[in-house]
Amino acid sequence: MVAEDSDLLVFQEEDEEEKKETDRNGSWKIMIVDDEEDVHKMTKMALNTVSFAGKNLEFISAYTAREARELLKSNTDIALVLLDVVMETDDAGLKLVLYIREEQENQIVRIILRTGQPGSAPEKKVIVDYDINDYKAKTELTSQKMFTSVISSLRSYSTITELVERERSEQEMKKAKEVAEKATKLKNEFVNLVAHDLKHPFASILGFLELILDDKECPIPPKHAEFLGIVKKSSESLITMIDKLLDLGRMSTGEVAVFKEHLDGHELTSAVVGRLRQMASKKGIEIVNEVKSEKLYVDRELFGSVVHNLTSNAIKFSKSDSRVIIYNPETMPATIAVKDAGTGINERILPNLFKQEVKTTTKGTAGERGTGLGLPYCKKIMDAHGGSLTVKTTHGEGTVFYATLPEAKVEAQIQVQQPDRLSS
Ligand SMILES: Nc1ncnc2c1ncn2[C@@H]1O[C@H](COP(=O)(O)OP(=O)(O)OP(=O)(O)O)[C@@H](O)[C@H]1O
Ligand SMILES: [Mg+2]
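Keep in mind that what you see is a predicted model, and the values were worked out from it rather than measured. (Residues numbered from 1 in each chain as written. Chains lettered and ligands numbered in written order. Predicted model: local features only at pLDDT ≥ 70, side-chain atom pairs only at ≥ 80, totals over all residues.)

K.L.:
Sorry, what's going on with the site of ligand 1 here?
P.N.:
Taken together, the neighbourhood of ligand 1 is formed by 22 residues, with F317, T361, G370, G374 and L375 sitting nearest. Residue assignment for the shell around ligand 1 shows that the elements contributing at least two residues are α9 (300-316) and α10 (374-384). Looking at which element gives the most residues to the shell around ligand 1, the answer is α9, with three residues. Grouping the constituent residues of the shell around ligand 1 by class yields seven nonpolar, 13 polar and two charged. (Near = placed C-beta within 6 Å. Helix = DSSP H or I, 4+ residues; strand = E, 2+ residues; numbered from the N terminus. Nonpolar A, V, L, I, M, F, W, Y, C, P; charged D, E, K, R; others polar.)

K.L.:
Explain the nonpolar core here, please?
P.N.:
Side chains of a nonpolar character, in soluble globular proteins, are inclined to be buried together. Ranked by size, the top nonpolar core spans 35 residues in total, and within it V306, L310, V324, V338, C378, I381 and A403 carry the most contacts. Broken down by secondary-structure element, the contributors of at least two residues to this core are α7 (222-252), α8 (265-282), β9 (295-298), α9, β10 (323-327), β11 (335-340), α10 and β13 (398-404). Per-element accounting of this core gives the leading share, seven residues, to α9. Structurally, this core is a two-domain feature, drawing no fewer than three residues from each of domain 2 (177-252) and domain 3 (261-413). Other than its neighbours up to four places away in sequence, L310 contacts V338, C378, F401 and A403. One finds I30, I32, L57 and I78 within the second-largest nonpolar core, a separate group that totals 33 residues. (Core = buried A, V, L, I, M, F, W, Y, C linked by C-beta atoms within 7 Å. Buried ≥ 20, exposed ≤ 12 C-beta atoms within 10 Å, placed from the backbone. Domains from an automatic or database assignment. Contact = placed C-beta atoms within 7 Å.)

K.L.:
Explanation requested: the sheet that holds strand β4 (residues 78-84) in the structure shown.
P.N.:
Each strand in a sheet pairs with its neighbour through backbone hydrogen bonds, running either in the same direction (parallel) or in the opposite one (antiparallel). The six strands lie next to each other as β2-β3-β1-β4-β5-β6, forming an open sheet whose pairing is mixed. At either end of the open sheet lies a strand with only one pairing partner, and these are β2 (51-52) and β6 (134-137). Its contacts with the sheet put helix α6 (residues 144-214) on β1 (27-33), β2, β4, β5 (110-115) and β6, and the angle it makes with β4 is roughly 140°. (Pairing = 2+ DSSP bridges. Axes fitted to C-alpha atoms, helices over the stretch in contact; angles between N-to-C directions.)

K.L.:
Please explain the confidence of the model for the chain as it appears in this structure.
P.N.:
Low-confidence regions, as indicated by low pLDDT, have predicted coordinates that should not be scrutinised in detail. Scored by pLDDT, the chain comes out at a mean of 87, with 89% of its residues at no less than 70. Counting contacts from residues 1-14, a segment whose pLDDT is below 50, to residues more than four positions away or on other chains yields 16 contacts. Ignoring residues within four places in sequence, the model shows residues 410-417, a span with pLDDT below 50, making four contacts including any to other chains. (pLDDT = per-residue confidence, 0-100.)

K.L.:
Where do I start with the environment of L296 in this structure?
P.N.:
You can see L296 is positioned in strand β9. The class of L296 is buried, set by 26 C-beta atoms lying within 10 Å. Separated by 36 residues in sequence, L296 and K260 have C-alpha atoms that sit 9.1 Å apart. When sequence neighbours within four positions are dropped, the list of residues in contact with L296 reads L263, G265, L268, A334 and L405.

K.L.:
Sorry if this is basic, but what is going on with unusual backbone geometry here?
P.N.:
Most peptide bonds adopt trans geometry, and most residues besides glycine take a negative phi value. Notably, E105 is not glycine yet its phi reads approximately 50°, a positive angle. A count of 8 C-beta atoms within 10 Å places E105 in the exposed class. With phi around 50°, A334 is a residue other than glycine that occupies positive phi space. Of note, A334 is situated in the loop between β10 and β11.

K.L.:
I tried to follow the sheet that holds β10 on my own but got confused; where do I start?
P.N.:
Ordered by their spatial adjacency, five strands build an open sheet running β8-β10-β11-β13-β12, and the pairing between neighbours is mixed. Lying at the two open borders of the sheet, with one neighbouring strand each, are β8 (286-289) and β12 (388-394). Neighbouring strand axes in the sheet, compared pairwise and without regard to direction, differ in orientation by 10° on average. In terms of strand pairing, β10 meets β11 through three bridges, oriented antiparallel. Looking at the pairing, Y327 lines up with A337 of β11. Sheet contacts for α8: β8, β10 and β11; angle to β8, the most-contacted strand, approximately 175°.

K.L.:
Would you explain the packing of α7 against α10 in this entry?
P.N.:
Two numbers describe a pair of packed helices, the interaxial angle and the distance between the axes. Remark: α7 packs on α10, axes separated minimally by 10 Å, with the N-to-C direction vectors making an angle of 30°. In terms of axis orientation, α7 runs roughly parallel to α10. Relative to α10, α7 is oriented so that their crossing is left-handed. Contacts between α7 and α10 pair K244, D247, L248, M251 and S252 from the former with P376, Y377, K380, I381 and A384 from the latter. Taken together, the residues of the contact of α7 with α10 sort by class into six nonpolar, one polar and three charged. (Parallel < 35°, antiparallel > 145°, perpendicular 65-115°, else oblique. Left-handed = near helix turned anticlockwise from the far one by under 90°.)

This is how it looks when you write it as structure tokens:
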């Protein structure tokens, strides 16, 4: 047993089970390059019973440098080359080192030079001039020093291959991420283009429908009026959907600039509540605005859309005679929470709530329909503010959404003239 590597270096005493285990793990390929048959035999005898890090050693023999080149081409996973210097020529071994490092560009394989005539390849000069990892005299073939050198070479080969592998998988992940981002960008651009081109024809269909339905001089039969009413409603939902897709697309591509101002939280939420009061009262729902009159550093229109969608969702998914409360949670600074005592969110859709690509929309308690794009849009807006959007929900008991902003910065107190929202 070798003291330095007692945990990893195991000799013949290993029992059958351990042997089977090391066989399963594969092996370290060691190439012996030497023109003397005895050197091959002695090396194998000396190292045959060694295993390292749960793997056995496997030997490949080459008797000339030329033969070694061929074997190196077909065995790209050789861990260590035990290399003689003088073979078919005086410097055949040294030329093989150059071939491995420069032509094959293999910096990973470890090379131990072993020479029988140290004078022909002086150690200092060889170590300096050639990229080898150790230099041994053939007299040391079976010595303890040889074992140590082989094991430390395998250890560094193992570390280097792990590093190379890690680097490679990081590069692959980076590449895959870039491809996915490019695909998302293309998809967003395509959706934006289609939505943009669809909006005008639908707006004109809707306009003409309204003209037909409102034409007092030329009344249409009640049955047709009913059908046209349905067409009008569908066109309106389509236009809403297109608008939301366009908003979401612009947010995703960064086309929308966020203009933050210090605004009074209570005033901002009151304005939203005002717009939703009618929708709530139709369902017998009371909206309570408990938001404090404290400054929030937000984009008025975009953050207003977040509060609007969260509150309209709360109304949509609440039963009549209940309350929707908008407030500042005590333990969460810079947060607006919207709480309802409604249906709670279906567990199935919960993980995908903020994903645009997954259909999450369900009908409200009064059969209201939506696009399912509201929450993904809110999430994008909160991200653009450097904040977050989170949710707590209990089936049958209700839901709370938390729109949390980052702590406001002092320099942001200076208000600036707002340029156009849409960047070109
Ligand atoms: N407060 C809530 N209570 C219960 N379910 C909710 C609540 N908020 C959202 N949901 C669920 O999440 C889905 C997605 O909400 P989101 O706001 O994204 O779209 P939507 O409300 O369906 O459509 P839109 O916002 O376009 O009107 C809803 O359809 C509903 O199933
Ligand atoms: Mg919604």
